[in-house]
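Here is what each chain is made of, one letter per residue.
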Amino acid sequence: MEKIQIDIAIVGAGGAGLRAAIALAESDPNLRIALLSKVYPMRSHTCAAEGGAAGVIKGDDSLDLHFSDTVGGGDWLCDQDAVEYFINEAPKELTQLEHWGCPWSREPDGSVAVRPFGGMKIKRTWFAADKSGFHILHTLFQTSLQYPSIRRFDEFYTTDLLVEDGRCQGCTAIEMSTGLMYQFQAKSVIVCTGGAGRIFSFTTNGAIKTGDGMALAFRAGVALKDMEFVQYHPTGLPGTGILLTEGCRGEGGILVNKHGYRYLQDYGMGPEPPLGEPVLKTMELGPRDRLCQAFWHEQRKGNTVSTQWGDCVHLDLRHLGEKKINERLPFVRDLSISYVGKDPVHDLIPIRPVVHYMMGGIHTDINAATTMPGLYAAGECACVSINGANRLGSNSLTELLVFGKRAALNAIEYISSGGKDVDDAAVTKLANEAQGRITTLFQKSNGTETISGLRKEMTDTMEQGAGIYRTEESLKETCNKLNELRSRFSAVELNDKSNVFNTDLFSALELGAMLDVAETVAVGALERKESRGSHQRLDHTQRDDNNYLKHTVAYHDKTDPPRIDYLDVVITKSKPGVRDYSGDKK
Amino acid sequence: MSGKAYIREMPKTTWWLSHSRYRRYVAREVTCIPIGIYTAVLIWGLMRLSQGAAAWEGFIEALNSPLSILFHLVAFVFAVVHTISWFNVTPSAMRVQIGEDFAPGAVIIGAHYTGWVVVSLIVLFMAGV
Amino acid sequence: MSERQVEVEILRYDPETDQAPKLQSYSVPCQEEWVVLDAITYIKDHIDTTVSFRWSCHMAVCGSCGMMVNGEPALSCKSFLRDYPDKIRIEPLAHFPIVRDLVVQLDDFMEKLNRVKPYIIPKEKKSVSDGQHKQSPAQLKAFKQYTLCINCTLCYAACPQYGLVPDFIGPAAMALAHRYNLDSRDGGREQRQEVVATDEGVWECSFVGACSEVCPKQVDPAGAIQQMKIASTVDWYKEHLMPWSKP
Ligand SMILES: Cc1cc2nc3c(=O)[nH]c(=O)nc-3n(C[C@H](O)[C@H](O)[C@H](O)COP(=O)(O)OP(=O)(O)OC[C@H]3O[C@@H](n4cnc5c(N)ncnc54)[C@H](O)[C@@H]3O)c2cc1C
Ligand code: SF4
Ligand code: FES
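Residues numbered from 1 in each chain as written. Chains lettered and ligands numbered in written order. Predicted model: local features only at pLDDT ≥ 70, side-chain atom pairs only at ≥ 80, totals over all residues. Heavy atoms only, no water.

A word on the domain arrangement of chain C. All names here are of chain C. When cut into domains, chain C gives domain 1 (4-104) and domain 2 (107-245). Put simply, the middle of domain 1 and the middle of domain 2, counted by C-alpha atoms, are 31 Å apart. On the side of domain 2, 16 residues touch domain 1, which itself brings 15 residues to the contact. Buried surface at the junction of domain 1 and domain 2, both sides included, amounts to about 1,100 Å², of which 69% is carbon and sulfur. Per-residue buried area on domain 1 facing domain 2 is highest for P73, H95 and F96; these three make up 49% of the total on that side. Linking domain 1 with domain 2 are zero salt bridges, by the criterion used here. Summed over the shared surface of domain 1 and domain 2, the number is four residue pairs in polar contact (both at pLDDT 80 or more). At the level of elements, β3 (66-69) and β4 (72-75) are the ones that each hand at least two residues to the side of domain 1 that touches domain 2. Of the residues in the side of domain 1 that touches domain 2, the class split is eleven nonpolar, three polar and one charged. (Domains from an automatic or database assignment. Contact = heavy atoms within 4.5 Å. Buried area = accessible area lost by both parts, 1.4 Å probe. Salt bridge = Lys/Arg side-chain N within 4 Å of Asp/Glu carboxyl O. Polar contact = N/O pair within 3.5 Å; in protein donor to acceptor, adjacent residues only side chain to side chain. Helix = DSSP H or I, 4+ residues; strand = E, 2+ residues; numbered from the N terminus. Nonpolar A, V, L, I, M, F, W, Y, C, P; charged D, E, K, R; others polar.)

Structure representation (structure tokens):
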């Protein structure tokens, strides 16, 4: 087995991983850095983000407002110390990206422009037309090229963390083009592997978002936190699940039901402002959880439009006019013409809620450190708890930067405090064991299960039991199903026996990760007997601060469902209150 | 052990037959051959001119042959085709930004045609037509 | 939803077992609104799990899924079956070595991206505490088009020059160099010229224009290269005919 010895390994080269890598390289050019990714960095799913990144920059805004929007948006499940750190760092990180060349859209006077976003009281979302994530990712990737100390391992699939003596001392990864296993011996590992939306069938998430990193940490004994909080986005294209950014509504787009009625006013987000004069933090600019729940009710009432792809409502952008649509939302126009045959300039666009983002993730503290020495996590795979029970759109891209950097700096501090040498013999032994497990999976014959079959059963049961609205009964069924699928997974056999770019093998590994992650979502949801943010129970419709103003933490078990425990939420200055999205007019 | 990546060699002489786009490109490149020859003829004419009246007369005489007239016609047509194909791509090769927006392609192409006409008129004028 | 039977031929190659690539045919029940990528994932899920290909976003932005579809480089996630006949031939992107099936080797492309120094080389040092640069919408627009490249490498598969002369830096990398040269915050053009204004750079381009025709993001790399040629030519004249114009 090839052995790579470095100081710090970063798993994942999306927005968070690249930001971490640059921070490491800038801090100390002599650090030996390995950046592993199962796809070329610019393929990472950060590229799909459209709307923008939040950070206080304009005179009419304040850090306090960003704080209260975020905490209220998260239904008070955010750790407020982390939120405070986050909003303070946000403008600096976005400015740093500006220096690195990010093509932010501009005001006529040459300053960076901001747009409104759901749940935000003030316009504070920096954007690069409607390809913000794409530009952020490419800016970071291209910037990273100037640092020779960042050794990239593109198309290396990470399979295991190497934990010895209670410390994380590296990881193993398969070089996809050859099938060869490598061991990366590192004093510290930063996991930046992104989300896990693929545990559902209808999602905005790309094929690579399979929760690998969450599963890596989980199996190594680190808890996954708040996994039951899964964000739906209100405006996905039916059929494909392709996202139309919240920027559509930020620019003034409206949602109407089959009667042409702006139904959100019936769900505590009204009154309806005149067309083209959106009022921030109301109606279409309410938070995502509320908008998706409203869709669900409209569907029950029979107010949705039935289309060839199922029930939808309409997004109406026509009043924005062709010029503004072309300038601010060109990608949205392109996507909806191509994939549903509707031109936003002239047509209503059918849309429906779609699984979008995992608020939960690897449990970290405000330093992006996990409970395991040497192991850090940042980005969507992590849960530092700035998003609480419902993330506000455009906070995530900023989070990648702020906590990607923070993880890097803390990892440096950790390794420079001494005594962090890798135990070569012990770690090599672990790596060999990891390789043995892969070989077993690879060589198994007489398997009875198929990858696509199990995957379909998993996504179906997640949609059925753990969707926008949940009940004890539906969740129990899903939990049982998932546990069954986990045991059936051991009967999967690979048809592909080639060592070269064996996507059959990687699909199997991804499925294994997804099953573990999915179970934490379902079990966490079953145990949380209240409704909060994106977690809505039809049998427990109220928020219950007495019992559940707590983070869920889930611990791995080899065969049984995860063990659930709870942690206190850090509350500094904002006591839990009522989430009000009806504007100032009551 | 894994084998090697497979390299598909491109046929060195016939590659351009494989796609209409390539054939169009080669056709465009071919149109410049008569233009090249025409330029050589022109330089040769200048040389004859410098050698005195008799040499010049001889050159003019030679140009009057049917073959030469045919060649000049062909060269003219090719030159026009070549020019048009180049003018059509000028908007992307020479972008002109006025304020925020780029001058529309038609304007840039139009400017080239105008320039062409003006220069031709000047030449014709100097030639005493 | 109407279903349609499509015959999909895929060029298969596994270096461990095959001397050369060969076509394999699959009959796929397709939905009318599917893209080519959907047909291939159907094959992988239901007919033959050994087919290897790359994809992720399914929304034409990650750049993974480039393939030759009926001889033309295309993003398979944005190639709609409705635009194709009932028989489709899918091959790995031309001009790149085949790793396995539809997966091609991108090392050369990645190296070239790196070589053109695609990052801001600041005009003047500025720290984050100094705040943002001013950049007018017009200054932004001057380079914006060239930031839209998703590195899908369709342009390399279309460019015969790259196929014939693999040293050619090629369309996307060059458009990216141009993007940074045109950025009002950048002062690195001279450094990039050493790479770009060379025989492997702009002067290898004979303006076939194929790259711009196949580019799914309208980046127009051919235009970028011609602009760089013009600018390099102007540089040459300035240097040799008007030496005083240079500081
Ligand atoms: C369509 C869409 C639009 C969005 N729009 C916005 C928006 O407007 N604003 C906003 O703030 N947020 C938005 N989000 C959310 C945000 O984009 C994501 O949360 C964020 O980009 C995640 O970044 P990341 O760096 O954590 O992970 P990713 O960018 O997903 O990167 C993950 C990396 O990990 C690597 N990796 C994963 N598993 C392995 C493994 N086993 N081995 C090796 N490498 C591995 C991958 O190769 C990849 O490089 C959007 C999300 C989507 C899906
Ligand atoms: S220039 Fe166009 S075709 Fe070439 S890599 Fe970029 S996006 Fe793809
Ligand atoms: S899958 Fe991302 S571009 Fe096609």
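Moving on: the site of ligand 2. Around ligand 2, the structure places C149(C), I150(C), N151(C), C152(C), T153(C), L154(C), C155(C), A172(C), C215(C), P216(C), V219(C) and P221(C). Residues belonging to the shell around ligand 2 are distributed by class as follows: ten nonpolar, two polar and no charged. (Near = heavy atom within 4 Å.)

Looking now at the domain arrangement of chain A. Residue and element names in this part refer to chain A. In terms of domain boundaries, chain A breaks down into domain 1 (2-51 + 126-231 + 357-427), domain 2 (235-354) and domain 3 (445-547). For domain 1 and domain 3, the distance between their C-alpha centres works out to 23 Å. If you look at the interface, domain 1 gives 33 residues, while domain 3 gives 29 residues. Carbon and sulfur atoms make up 66% of the surface buried where domain 1 meets domain 3, a total of about 2,500 Å² over both sides. Between domain 1 and domain 3 we count four salt bridges in total. The salt bridge partner of R528 is E228, with a shortest N-O separation of 2.7 Å. Linking domain 1 with domain 3 are eleven residue pairs in polar contact (both at pLDDT 80 or more). Mapped onto the side of domain 1 that touches domain 3, the elements with two or more residues apiece are β8 (156-164) and α5 (212-219). Per element, the largest residue contribution to the side of domain 1 that touches domain 3 is five residues, and it comes from α5. Partitioned by chemical class, the residues of the side of domain 1 that touches domain 3 number 18 nonpolar, eight polar and seven charged.

We now examine the layout of surface pockets. Put simply, the second largest pocket is a space of about 1,400 Å³. In terms of lining residues, the second largest pocket is bounded by 38 residues, among which N326(A), P330(A), K144(C), Q145(C) and L148(C) are the most central. Elements represented by at least two residues in the lining of the second largest pocket include exactly α8 (321-328) and α9 (330-340) of chain A, β2 (101-102) of chain B together with β4 and α3 (137-144) of chain C. (1 Å grid on protein atoms, 1.4 Å probe; cavity = no way out; pocket = protein on both sides within 12 Å on 5 of 7 lines; lining within 4 Å. Points joined across faces, edges and corners; volume = space filled by probe spheres on them.)

So, about the interface of chain C and chain A. Contacts between the two partners involve 64 residues from chain C and, on the opposite side, 67 residues from chain A. The largest contributions to the chain C side of the interface with chain A come from M59(C), V128(C) and Q132(C), which together make up 13% of the buried area. Joining chain C to chain A, the criterion identifies six salt bridges. Note that D496(A) is salt-bridged to R100(C), the shortest N-O span being 2.7 Å. Those elements giving two or more residues to the side of chain C that touches chain A turn out to be α1 (36-47), β6 (98-100), α2 (107-115), α3 and α6 (171-181) of chain C. Across the side of chain C that touches chain A, the residue classes tally to 31 nonpolar, 16 polar and 17 charged.

Strand pairing in a sheet relies on backbone hydrogen bonds, with the paired strands running either antiparallel or parallel. Residue and element names in this part refer to chain A. What the three strands build is an open sheet, ordered β4-β6-β5; its pairing is antiparallel. The outermost strands of the open sheet, each flanked by one partner alone, are β4 (53-54) and β5 (114-115). In this structure, β4 lies alongside strand β6 (residues 125-126), joined through two bridges in antiparallel fashion. Across the sheet, residue A53 finds its bridge partner in β6, namely W126. (Pairing = 2+ DSSP bridges.)

This part takes up the site of ligand 1. All names here are of chain A. Taken together, the neighbourhood of ligand 1 is formed by 38 residues, with S37, S44, T46, E380 and L397 sitting nearest. Contacts to ligand 1 include A13, whose backbone N or O atom sits 2.9 Å from an oxygen atom. In the environment of ligand 1, an oxygen atom lies 2.6 Å from a nitrogen or oxygen atom belonging to the side chain of E380. Against a free-state accessible area of 1,000 Å², the protein chains account for coverage of 99% of ligand 1. Broken down by element, the shell around ligand 1 gets its largest block of residues, four residues, from helix α10 (residues 395-416). Residues of the shell around ligand 1, tallied by class, amount to 13 nonpolar, 19 polar and six charged. (Areas by Shrake-Rupley, 256 points an atom, 1.4 Å probe, with all protein chains shown as cover.)

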